[in-house]
Amino acid sequence: MHDISRRKILAATAAGAVSTLALATNAQGGESIPQPRRSGHGGTDPGPRNLVRDRENPDLIVPPSTDHGTLPNLRFSFSDSHVRQESGGWTRQITEREFGVSKNIAGVNMRLNAGGVRELHWHKEAEWAYMLYGSARITAIDAQGRNFVDDVGVGDLWYFPGGIPHSIQGLGPDGCEFLLVFDSGGFDEDSTFVLSDWFKHTPTEVLSKNFSVDASWFGHTPDPSELYIFKAAVPDPLGAEKLLGAEPVQPGFSHKMLTQMPIRTGSGSVRITDSTVFAASKTIAAALVEIEPGGLCELHWHPNGDEWQYYIEGKGRMGVFGSSGQARTFDYQAGDVGYVPYAMGHYIENTGDGPLRFLEVFKSSYYADLSLNQWLALTPPALLQAHLKLDSNVVSKLRKEKHPIVPL
């Protein structure tokens, strides 16, 4: 045997011994190492492996025995998204390119420092937003020349229809962070229509004619690359002059979701916001769901479109039923995005020690769901018995009223 080959074998053997020792050390330290085995099936995984990821996704390593088939991946994390850093903050996105199953909805997570501005712009897609941190000022006008300016804080929403020009600016003391949702999976932050870009690509003589001023006043616009999210002074508090003499947009483009009366059970709550309570939001409906430890968002499905989820707090798992015997289980934590294709049955369970909070978002003007429990309760008992052979104790416990979070 050549010396080089001998050295390679010895090095690999040593590396394997170190790896085995490291695993043993972790086990002795009391931190369990997940292994892809259960009840005489599977086996150990000696590595290489990413233990952090494996611990985050126990239902991929050891799926419930009820999982079956080849449903697509229904989880993607903003932590795996490219971060675009600018002078006034940062942004990252999850679109169809990153998350192939998400054909109808795309999401953007954005941070604006105090005074930081997301430049005046517009886009073909409608924009729905949920404020995660801090406060921001939003501005817009509509096609009737009506004006809109508002300050929004944690739990507030805004909605700008496609084509409506708008801006967002972080306020003091520490700016803001928010989630943006667009009603197309093909959305791209780089495809927006940006104010400085239009000025940069319009002849100065045309600008002169359009604004009825001398052409010498133009030609000083900063390069668009400097303005996408840029530094600016924190604006003064809103005053009576905020509409600049124009009529206000009606209905308004913002909504305070947390002021809504939730649907409560003993183990959680749901706030539903669609066009019936937020009239401007014509293409996006949403629900803010909170589940206590051990609680369950009941087995259900949605008859009006795909469900896009954003996890705000806690840990949970979702089981999805896709017909033809297909079923998969996925684990989620804060910053993750989940997806349920149209009409697929699913449940969501809190698997953590604290509350689980997440948003459900739909490309629809209205929110709708169908409860498995309620369906069975309202089905003639003889027909139900012929299908499932359910014990009479189960039938007697069926609920004719819908409980989005199962009462515990």
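See above for the structure.
Below is a summary of the structure that appears in this document. (Residues numbered from 1 in each chain as written. Predicted model: local features only at pLDDT ≥ 70, side-chain atom pairs only at ≥ 80, totals over all residues. Heavy atoms only, no water.)

### Examining the environment of Pro173
Phase 1 of the analysis: By the element assignment, Pro173 lies in the loop between β11 (166–170) and β12 (176–182).
Phase 2 of the analysis: Sequence-wise, Pro173 and Asn113 are 60 residues apart; in three dimensions their C-alpha atoms are separated by 8.9 Å. (Helix = DSSP H or I, 4+ residues; strand = E, 2+ residues; numbered from the N terminus.)

### Details of the pattern of salt bridges
Phase 1 of the analysis: Summed over all chains, the structure comprises 18 salt bridges.
Phase 2 of the analysis: A salt bridge links Asp45 to Arg49; its shortest N-O distance comes to 3.7 Å.
Phase 3 of the analysis: On the basis of relative accessible area, Asp45 is assigned to the partly exposed category, the value being 26%.
Phase 4 of the analysis: In this structure Arg49 comes out as partly exposed when scored by relative accessible area, which is 21%.
Phase 5 of the analysis: Across the pair Lys402 and Asp369 runs a salt bridge whose closest N-O atoms are separated by 2.9 Å. Of this pair, Lys402 sits in the segment after α8 (392–397) while Asp369 is found in the loop between β25 (356–362) and β26 (370–371), placing the two residues 33 residues apart along the sequence.
Phase 6 of the analysis: Classification of Lys402 as partly exposed rests on a relative accessible area of 33%.
Phase 7 of the analysis: Given a relative accessible area of 12%, Asp369 falls into the buried group.
Phase 8 of the analysis: Linked through salt bridges whose partners overlap, the residues forming this network are Asp45, Arg49 and Asp54. (Salt bridge = Lys/Arg side-chain N within 4 Å of Asp/Glu carboxyl O. Buried < 20%, exposed > 50% of the residue type's maximum accessible area, 1.4 Å probe, protein only.)

### Quick notes on the environment of Glu307
Phase 1 of the analysis: Residue placement: Glu307 occurs in strand β20 (residues 307–313).
Phase 2 of the analysis: Apart from residues lying up to four places away in sequence, Glu307 is in contact with His300, His302, Gly338, Tyr339, Val340, His346, Ile348, Glu360, Val361 and Phe362.
Phase 3 of the analysis: In this structure the side chain of Glu307 is engaged in a polar contact, spanning 2.8 Å, whose partner is the side chain of His302.
Phase 4 of the analysis: A distance of 3.0 Å separates the side chain of Glu307 from the side chain of His346, its partner in a polar contact. (Contact = heavy atoms within 4.5 Å. Polar contact = N/O pair within 3.5 Å; in protein donor to acceptor, adjacent residues only side chain to side chain.)

### Considering the sheet that holds strand β21 (residues 315–321)
Phase 1 of the analysis: Pairing is antiparallel in the open sheet, where five strands are placed in the order β22-β21-β24-β19-β26. Since the sheet does not close on itself, it has two edges, and those belong to β22 (327–333) and β26, each with one partner.
Phase 2 of the analysis: Two elements, β21 and β22, share seven bridges in a ladder whose sense is antiparallel. Within β22, the position partnered with Gly319 by the bridge is Thr329. (Pairing = 2+ DSSP bridges.)

### A short note on the environment of Val340
Phase 1 of the analysis: Along the chain, Val340 falls in strand β23 (residues 336–340).
Phase 2 of the analysis: Exposure remark for Val340: the relative accessible area of 2% places this residue in the buried category.
Phase 3 of the analysis: For Val340 and Ser184, which are 156 residues apart along the polypeptide, the C-alpha to C-alpha distance reads 15 Å.

### Here's the deal with the nonpolar core
Phase 1 of the analysis: With 71 residues, the main nonpolar core has Trp128, Trp158, Phe178, Trp308, Leu359 and Val361 as its most contacted residues.
Phase 2 of the analysis: Top contributing element to this core by residue count: strand β8 (residues 127–141), with seven residues.
Phase 3 of the analysis: The residues touching Trp128, leaving out its near neighbours within four places in the chain, are Leu157, Trp158, Tyr159, Leu179, Leu180, Val181, Ser281, Ile284, Ala286, Leu359 and Val361. (Core = buried A, V, L, I, M, F, W, Y, C linked by side-chain atoms within 4.5 Å.)

### A short note on the packing of aromatic side chains
Phase 1 of the analysis: Under the criterion given, the structure shown has 17 aromatic pairs.
Phase 2 of the analysis: Between the aromatic rings of Phe362 and Tyr367, the centroid separation amounts to 5.4 Å while the plane-to-plane angle is 85°, which identifies the pairing as edge-to-face.
Phase 3 of the analysis: Assessed through its relative accessible area of 1%, Phe362 is described here as buried.
Phase 4 of the analysis: One aromatic cluster is present, built from ring pairs that chain together Phe148, Trp158, Phe160, Phe178 and Phe253.
Phase 5 of the analysis: We note Arg84 situated over the ring of Tyr228; from NZ or CZ to the ring centre the distance is 3.7 Å.
Phase 6 of the analysis: In this arrangement the basic side chain of Arg118 is found over the ring face of Tyr228, its NZ or CZ atom lying 3.8 Å from the centre. (Phe/Tyr/Trp six-rings, centres within 6.5 Å; stacked < 30°, edge-to-face > 60°. Lys NZ or Arg CZ within 6 Å of the ring centre and 35° of its normal.)

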